[in-house]
Structure formats: structure tokens, C-alpha cells
Amino acid sequence: MKSPVTGESSVGVQIGVLARLTGVPVKTIRFYSDIGLLPPAARTSTRYRLYGGAHRVRLEQIRTLRELGFGLGAIAGLLQRRADPHALVAAQLAAIERERSHLARAGAVLRAALAGADPADAALRVGAILKLSALQRASALRQQLAAPLRDTKVDPTWLDQLLGAAFDRIPDDLDDDQWAALVELVALVTDPSFGDALAKQSRPFWVRARRFDPKRWQRRWVEILRAGTPLVAAGVEPVDPRAVALADRYLMMIARATGRRPTKKTISWILARAAEHDPRAERFWELVAILHRRPAPPHAAIMRVIHAALRMKIA
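Residues numbered from 1 in each chain as written. Predicted model: local features only at pLDDT ≥ 70, side-chain atom pairs only at ≥ 80, totals over all residues. Heavy atoms only, no water.

Caption draft 1: The arrangement of the overall build of the chain in detail. Helices and strands together make up the secondary structure of the chain, namely 15 helices and three strands. Rg of the C-alpha trace for the chain: 33 Å, well past the compact-globule value of 20 Å for 315 residues, more than 25% over. Its C-alpha atoms give the chain principal-axis dimensions of roughly 110 × 40 × 35 Å. Taken across its 315 residues, the chain has 40% of its residues classed as buried. Put simply, of all contacts in the chain between residues at least 6 apart along the chain, 63% involve residues at least 24 apart. When the 49 positive and 30 negative side-chain charges of the chain are each reduced to one mean point, those points stand 2 Å apart. (Helix = DSSP H or I, 4+ residues; strand = E, 2+ residues; numbered from the N terminus. Rg over C-alpha atoms; globule rule 2.2 N^0.38 Å. Buried < 20%, exposed > 50% of the residue type's maximum accessible area, 1.4 Å probe, protein only. Contact = heavy atoms within 4.5 Å. Lys, Arg positive; Asp, Glu negative; His and termini not counted. Charge placed at Lys NZ, Arg CZ, Asp CG, Glu CD.)

Caption draft 2: Molecular detail of the packing of helix α7 (residues 134-150) against helix α10 (residues 192-208). α10 packs onto α7 with a crossing angle of 40° between their chain directions and a minimal axis gap of 8 Å. Considering the relative orientation of α7 and α10, their crossing is right-handed. The segment α7 lies against α10, with L145, P148 and L149 engaging F194, G195, L198, A199 and S202. Of the residues that constitute the contact of α7 with α10, the class distribution is six nonpolar, two polar and no charged. (Axes fitted to C-alpha atoms, helices over the stretch in contact; angles between N-to-C directions. Left-handed = near helix turned anticlockwise from the far one by under 90°. Nonpolar A, V, L, I, M, F, W, Y, C, P; charged D, E, K, R; others polar.)

Caption draft 3: Molecular detail of helix α9 (residues 176-189). The terminal C-alpha atoms of α9 lie 20 Å apart, and with 14 residues this matches the ideal 20 Å at 1.5 Å per residue to within 8%. In terms of burial, α9 is largely enclosed, as 10 of its 14 residues are buried. Residues of α9 that are buried: Q178, W179, A181, L182, V183, L185, V186, A187, L188 and V189. Among the residues of α9, the N-terminal cap falls to D175, whose side-chain oxygen and the backbone nitrogen of D177 are separated by 3.1 Å. (Expected span 1.5 Å × (residues − 1). Polar contact = N/O pair within 3.5 Å; in protein donor to acceptor, adjacent residues only side chain to side chain.)

Caption draft 4: Structural view of the layout of surface pockets. Size it by volume and the largest pocket reaches roughly 1,600 Å³. The set of elements that each furnish at least two residues to the lining of the largest pocket consists of α7, α8 (156-167), α10, α11 (214-234), α12 (241-258), α13 (264-275), α14 (280-291) and α15 (299-314). A per-class count over the lining of the largest pocket returns 34 nonpolar, eight polar and seven charged. For the second largest pocket, the calculated volume is near 320 Å³. Along the walls of the second largest pocket sit 15 residues, with A112, A115, G116, A187 and D191 positioned nearest its centre. Where the lining of the second largest pocket is concerned, the elements lending two or more residues are α5 (85-114), α6 (119-130), α9 and α14. Of the residues belonging to the lining of the second largest pocket, the class tally is six nonpolar, one polar and eight charged. (1 Å grid on protein atoms, 1.4 Å probe; cavity = no way out; pocket = protein on both sides within 12 Å on 5 of 7 lines; lining within 4 Å. Points joined across faces, edges and corners; volume = space filled by probe spheres on them.)

Structure representation (C-alpha cells):
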């Protein structure tokens, strides 16, 4: 006997009523029934499917598992206890984590693209580099950054060391923060304006650096970093004798490399080069540090101390 209002019989309700009660489309319920995931409790004499209260509960379970991303086969295994639930849930969690990571990385690419003047071009540039293997990617980034600098008469040994410090041995397995740093780094390096700015900034130095010795330069630079790091940490003023001594050491290093005398004129030349400094260069090394899982380099902060002390000397 069936109610004329609800469609309910002594066995259960027809598919249309179940659809209204649960909000699941009739077509979906019928599909679940056909594949054995929600077999009807019985059929009427006219072959209409009938569903009971347990089917409503089962349908809610199916919907919940579908919202969690489970496939129909996995859902059948869980509900019919044909599979290890711990293994299935763990596998689904792993799949969700992979998808989350994929979306986070795709989002990083799109954010980097939007930061550029031409988002479509930036997305293509960044995407092309990121599709490469880790080794190919490092090689491509080295070539991209080296190309504009080679026109400045840069010392090849020094350039190779700089590029190696930036791009060699980048880990293959990157976490989300490292991936975001890599995307931003690729966007920066492949931006033609960045390479042009570095070339313009460094050209005056390399034109005069005929006496440049990369080994000596590296030794002197390491000495400056060691002496300057604690000064930055202490927040010394430009008039502090230690800051002045550090600035004098840097002045001598530049003068020797460029064949100049350590005079006020040379200081003015150094400060003019500093005024041309592209702040993206500092961000470049911050991103490299994130990629290599090491602390941000103190170079920029030390140079600010040195430049401030040099300005005091000619003020």
C-alpha cells in the first residue's frame, strides 16, 4: 500500500521521493543503483525501485565520501568493507595533499605572472623553465643571467662562481616555500629588464677592472663579510670607527681592482654606482637563500653600512 502524498509504501519510497528527501538527483541515484552501490530494497509490480531508510543513510555516506574526493570504486570498498579502510583513507589523504601542493604551486606561478608588466608573457616564460628537469633548469637560468653580463667585459671566472653560488645544487625535492621562491626567481631572471639593469649597473666597474684578480677579490670580500656581519647585528652608526674602517677596506678593494686611487673622487664614483643599484638584486639573493635552505645573506645590509660611512667621509 502506497501513500498518495509521500509515495511511501510498506517497503520504502520510490526514487523520486528519495531524491527530494536527500537533494540527490534522480539520475545520480539511478546510476548508483545500476553499478551496485545503492541497490534498491525491492521493486513494485510495475518495476519501480523502492528504497528504505537505510538507503537514505547510505546515500548521505556516498555523498560525503564523494565530497572528500573518493572514487566510486573506493567508496564501494569502504561501504561494503571489501578493502582496508585505513589504507584507502591514507591513499585519499595523500592524493589530496598532492592536489593541494599542485594548486599551491600553480598559484605561485600565476602570482609571479601577475607581478610582471605582461602577465601572459611572464606565465609563458616561467612555465617553460619550470617544465625542465632540475639540471636543465639550472643551466637555463645560468645562461639567462649570464647573457647580458657577458657584454660588460665581466671576468669569466668570477661570473662562473657567482652563477654557481646561485644555481648549482638546487634541491630536487622542494617544499611549498622553496617552490614559491623558485617561481619568483625564474620570473625575475627571465625578465629582460632585470638582466639589462644588472648589466648597466656593473658595466662601469668592469670597463675599468683591468687589474681584477678573482681570487684576491674573493678573499677580500670574505674578509669584509666577516667584519661587517657583527656591525650590522649591532646596528652601528656610520661614524663608528669600525664602520669607517670597513668602508676604508672596501674603498681600497675597489680602487685596486679598478686602477684608481682611494680618493674622494673614487668614493663619489662608488656612491654613484650604488645609486644605480637595482633593489631586485637583493631580492635575487634572498630567493637563492630560501631555495638552498640557508640564512638570507648579509651582503646588502653590510653594503648599506659601507655606503653610509663613505658618504660621511665626503660630507
